[in-house]
Amino acid sequence: MSDTLAPMLQSNASRFPVSPQQSSDAMLTGQDQVAVAEALLDDEQEWSVFSRPDPTHTGCWESNVLIEGMHCAACALTVEDALQGVPGVVSAEVSAGSQRARIVWAAQAVSPSKWMQAVRQSGYRAVPANDAFARERRKVEARKALWRMMVAGLCMMQVMMYAYPAYVAKAGDLTAEMEQLLRWASWVLTLPVIFFSCAPFFVNAWRDILHRQISMDLPVALGMFITFAVSTAGTFDPAGIFGREVYFDSLTMFVFFLLAGRWFELRLRDKTAGALEALMNRLPDSVEREMADGQYERVPVRRLQVGDVIRVLPGEAFPADGVLLQGETSVDESLLTGESRPVLRGVGSEVISGSHNLAAVVRVRVDQVGDKTRFAQIVSLMESASTTKPHLARLADTIAKPFLLGVLVAAGLACAFWWQTDPERALMVAVSVLVVTCPCALSLATPAAMLSAAGALARRGVLVRRLDAFEALAAVDTVIFDKTGTLTRDAMVLSQMAVRDGVDPRQGLAMAAAMARHSLHPVSRALLAADAQAEDATVWTAKNLTEHPGLGLSGDVFAALQTGTAIELRLGSAEFCRVPQVKSDDLQVYVSDAQGWLATFGLQEDIRPDAATTVADLSKSGIVVRLLSGDASDAAMRVANKVGIANFQGKCSPQDKLDFLRDAQLQGHKVAMVGDGLNDGPVLAGAHVSFAFGQAVPLAQAKADFLMAGNRLTDVSAAVELARRTLKVVRQNLWWAAIYNTICVPLAIAGMLPAWLAGIGMASSSLLVVLNALRLSRDPQPAEGV
């Protein structure tokens, strides 16, 4: 039964008590329980738990599920074929690397239970990707796998001890009775290995035979069975054709190494894809919601609605986007924005779902719930990335099944070739061929590396929309930056100030800030920010304020702690303030009173502090950096000079940027575009690879391949460097997989590779691929304070 739905079934059972006889009659088998649990997901109210409306297909839903029981690329192809064969399923993608599936299905044509049943009938199990019990089930399976490995290891050591005399004894040292006794002891010690440690291989192989499909477990189980059968025959009939030698030591050894390799591989693969799971499990199951009488009731998170007031305790995650109404706390947003330090949030501050409350009890008004939250958009992007297949991975998966069929044919031909001279050796040569050939390393080479890299970027606050973007990013030789909102922050900063003789600059700024406090204009926010940093200034207040759109503000200001008449001021352009305009590269804002000019403030765009470092890092890596801006040429030149960009162009419309991009591509350049995602959609979509920087655009609507959830521009250069390392690791993995199979398969066919060594080779091949990919997840965290 799906553990996610078990409480629902138990709740229904307690609501309708039955007699013991009825209970006995109503007992369900395990398969029936799973079917009942899956049927509960046909309720449309449950779809939002594991699905979302698909924006590209009207009337369709997109579901992300975990596929339990997969071990190789052939398994993924089997599940994919089963899903695509269900009427009403529009598309299905299954990733062997992340063991996840993305299914798009038409709600009017098929229900979730139908395609889940198709997965189950193919020998696997589909569970919702956010199943809270999936991790527990994996822990249980990992413990069982560890026990199987330990039993195989213990029996292997004992069998090796009994086999050792046969290897070192000279003619006549061992009597026939003693040799037979050692064989019987080895046979007895091999039984736990066969019936306990090897059980999953035999179960999966039998499933493959029943469903007329093939996976990696079929040739492996066949090799185990042949080895045990030959050795058993030699034990029971020492004078027969298989009585010359037994292979219990080889069998137990390669079973142990195979189980050890698979166990370590499982642990490492969990680490490479761990960022997604850690993120998905951030939300709590329930939260305290305030009732009309001021009391609190604990309700499931999915029952929250916009406008609800909730209480979040220290150590809990915020279940929805909202605004703090009461309390002050520190919030951990590291997995959502890449910000490694806790951030302070007080009354009126916004909090995002999935972030953790660290310090105090707070009351929050819910503003966004469900798939409208930024957390849900991040999870959606990461789910999509985890199920996408890069080009190289698709190629490897395509040859997985033919490769395994070729293995069976090669083993049969090798056995037939050797049978004429030595039947016993012929079977063991076939076993070596069955065991040593491993398409797993080939199929894992690309997705393991890219999932590991995607996890490393996710910890920095960079979300990857599609894994094959790493291939394009690694080949980039030109990076084009937008200016506003990308190289610069949305806000402006005060760069210079001039005041009339006799006026204290601090007082002039304070008077302007008193008026700006009543406006939302970017200039007003810049003046307020500058005034907040000033010291020992008189507090001024404004009244009778009037905002003149496009011109400025007018009103009266007076010192809050002093008595006296109010001063009538104007704040805005030179024309509005009736003063001469001063020529400057900065944006000029003027203040005037009854006597005329009072103060001038020069404002500049706030260039990100890490912009120059990012440009320098990209240039050092051999990338040409360009700036295309819709602002005036002098503004573009000023920013370009400050950050170190030699190639810049101003007054660019979106079409101008797109034309420039296409010209660069026609010249053979691989171009990456970095924009804020607001007005750069066509250019972001047209580039070979693109970054959407900042949080101004909903993630679901962004056209970029990489989405920067944080505020560090250095993540662009870090992503480029990581993409190049990723493609290097992918090439290493592919070369290793190719060389391994090219060398080991002929050796096995020639009878030069014993079964135990074949088992070690098979286990180490895929393990080495995953270990190599894991190096990418050790990407250094961003520096504090950046």
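Conventions used here
Residues numbered from 1 in each chain as written. Predicted model: local features only at pLDDT ≥ 70, side-chain atom pairs only at ≥ 80, totals over all residues. Heavy atoms only, no water. Helix = DSSP H or I, 4+ residues; strand = E, 2+ residues; numbered from the N terminus. Contact = heavy atoms within 4.5 Å. Core = buried A, V, L, I, M, F, W, Y, C linked by side-chain atoms within 4.5 Å. Buried < 20%, exposed > 50% of the residue type's maximum accessible area, 1.4 Å probe, protein only. Axes fitted to C-alpha atoms, helices over the stretch in contact; angles between N-to-C directions. Parallel < 35°, antiparallel > 145°, perpendicular 65-115°, else oblique. Nonpolar A, V, L, I, M, F, W, Y, C, P; charged D, E, K, R; others polar. Pairing = 2+ DSSP bridges. Expected span 1.5 Å × (residues − 1). Bend = angle between axes of the 7 residues up to and from the residue. Phe/Tyr/Trp six-rings, centres within 6.5 Å; stacked < 30°, edge-to-face > 60°. Lys NZ or Arg CZ within 6 Å of the ring centre and 35° of its normal. Salt bridge = Lys/Arg side-chain N within 4 Å of Asp/Glu carboxyl O.

Trainee: Account for the overall build of the chain, with residues named and values stated.
Mentor: A tally of regular secondary structure across the chain gives 28 helices and 27 strands. Here the analysis covers contacts within the chain between residues at least 6 apart in sequence; of these, 68% occur between residues at least 24 apart.

Trainee: Can you tell me about the nonpolar core, naming the residues and giving the values?
Mentor: Counting 55 residues, the largest nonpolar core has M224 and V255 as its most contacted members. Among the elements that line this core, the one with the most residues is helix 16 (residues 423-436), at ten residues. Residues within four places of M224 in sequence aside, it is in contact with C198, F201, F202, L251, F254, V255 and L258. With 48 residues, the next largest nonpolar core counts L451, A640, V720 and A723 among its residues.

Trainee: So what about the packing of helix 27 (residues 714-749) against helix 28 (residues 755-774)? Which residues, and what values?
Mentor: In contact at an axis separation of 9 Å, helix 27 and helix 28 are set at 170 degrees when each is read in the N-to-C sense. Classified by the angle their axes make, helix 27 and helix 28 are roughly antiparallel. Every residue of helix 28 that contacts helix 27 at V729, Q732, N733, W736 and Y740 is listed here: A758, G761, M762, S765, L768, V769, N772 and A773. Among the residues forming the contact of helix 27 with helix 28, the class breakdown is eight nonpolar, five polar and no charged.

Trainee: So what's going on with the sheet that holds strand 15 (residues 462-464)? Residues and values would help.
Mentor: With mixed pairing, the seven strands of this open sheet are ordered in space as 15-27-26-25-16-23-24. Two strands close off the open sheet at either side, each with one partner strand: strand 15 and strand 24 (647-649). Ignoring strand direction, the axes of neighbouring strands in this sheet form an average angle of 20 degrees. Relative to strand 23 (residues 624-628), strand 16 (residues 478-481) runs parallel, the two sharing four bridges. Each residue of the ladder has a partner; that of I480, found in strand 23, is R626. On top of the sheet, helix 24 (residues 633-643) reaches strand 23 and strand 24; it is set at about 155 degrees to strand 24, its chief contact.

Trainee: Any details on helix 8 (residues 176-197)? Residues and values, ideally.
Mentor: Taking 1.5 Å as the rise per residue, helix 8 with 22 residues should run 32 Å; its terminal C-alpha atoms sit 31 Å apart, in good agreement. Within helix 8, the axis deviates most sharply at T190, by approximately 30 degrees, and proline P192 lies no more than four positions further along. Every buried residue of helix 8 is accounted for by Q180, L182, R183, S186, W187, T190, V193, I194 and S197.

Trainee: Tell me about helix 16, and name the residues and values.
Mentor: A rise of 1.5 Å per residue sets the reference length of helix 16, with its 14 residues, at 20 Å; its end C-alpha atoms lie 20 Å apart and thus fit the reference within 8%. Counting buried positions along helix 16 gives twelve out of 14 residues, so the element sits mostly inside the fold. Considered for burial, the residues of helix 16 that qualify are E424, A426, L427, M428, V429, A430, V431, S432, V433, L434, V435 and V436.

Trainee: Just give me the short version of unusual backbone geometry, but keep the residues and values in it.
Mentor: Where the residue is not glycine, phi is negative for most of them; where a peptide bond is considered, it is trans in most cases. Residues other than glycine seldom take positive phi values, yet R578 does so here, at roughly 60 degrees. Accessibility expressed as a relative area gives 64% for R578, which makes it exposed. Positive phi values are uncommon outside glycine, yet K651 reaches one of about 55 degrees. Secondary-structure assignment places K651 in the loop between strand 24 and helix 25 (654-666). Using a relative accessible area of 61% as the deciding quantity, one classes K651 as exposed.

Trainee: Tell me about the sheet that holds strand 10 (residues 329-332), and name the residues and values.
Mentor: Sheets are built from strands paired through backbone hydrogen bonds, the pairs being either parallel or antiparallel. As summarised here, the arrangement of the three strands in space is 11-10-13, forming an open sheet in which the pairing is antiparallel. Each edge of the sheet is formed by a strand with only one pairing partner; in this case those strands are strand 11 (343-345) and strand 13 (356-357). By the bridge criterion, two bridges tie strand 10 to strand 13 in an arrangement that is antiparallel. Considered in strand 13, the bridge of D332 is made with H356.

Trainee: Residue-level account of the packing of aromatic side chains, with values.
Mentor: Considering all chains together, one arrives at ten aromatic pairs under this definition. Centre to centre, the rings of F228 and F248 are 6.4 Å apart; their planes meet at 65 degrees, and the pair counts as edge-to-face. Taken together, the residues F228 in helix 10 (residues 217-236) and F248 in helix 11 (residues 248-272) connect sequence positions 20 residues apart. Taken as a pair, F228 and F248 share a single burial class, namely buried. Within the aromatic cluster, the residues linked to one another by ring pairs are W184, W187 and F236. One cation-aromatic arrangement involves R148 over F196; the distance from NZ or CZ to the ring centre is 5.8 Å. The positively charged end of R570 is found above the aromatic ring belonging to F576, 4.5 Å away from the centroid.

Trainee: Outline the environment of D634, supporting the account with residue identities and numerical values.
Mentor: Along the polypeptide, D634 turns up in helix 24. Note: C-alpha distance between D634 and D585 (49 residues apart in sequence) is 7.5 Å.

Trainee: Requested: an account of the pattern of salt bridges, with residues and values cited.
Mentor: One pass over the full model with this rule turns up 21 salt bridges. D715 serves as the salt-bridge partner of R460, at 2.8 Å between the closest nitrogen and oxygen. Taken together, the residues R460 in the loop between helix 17 (440-459) and strand 15 and D715 in helix 27 connect sequence positions 255 residues apart. Accessibility assignment for this pair places R460 and D715 in one class, buried. Salt bridges here are not isolated pairs; linked through shared partners, they connect E288, R298, R311 and E316.

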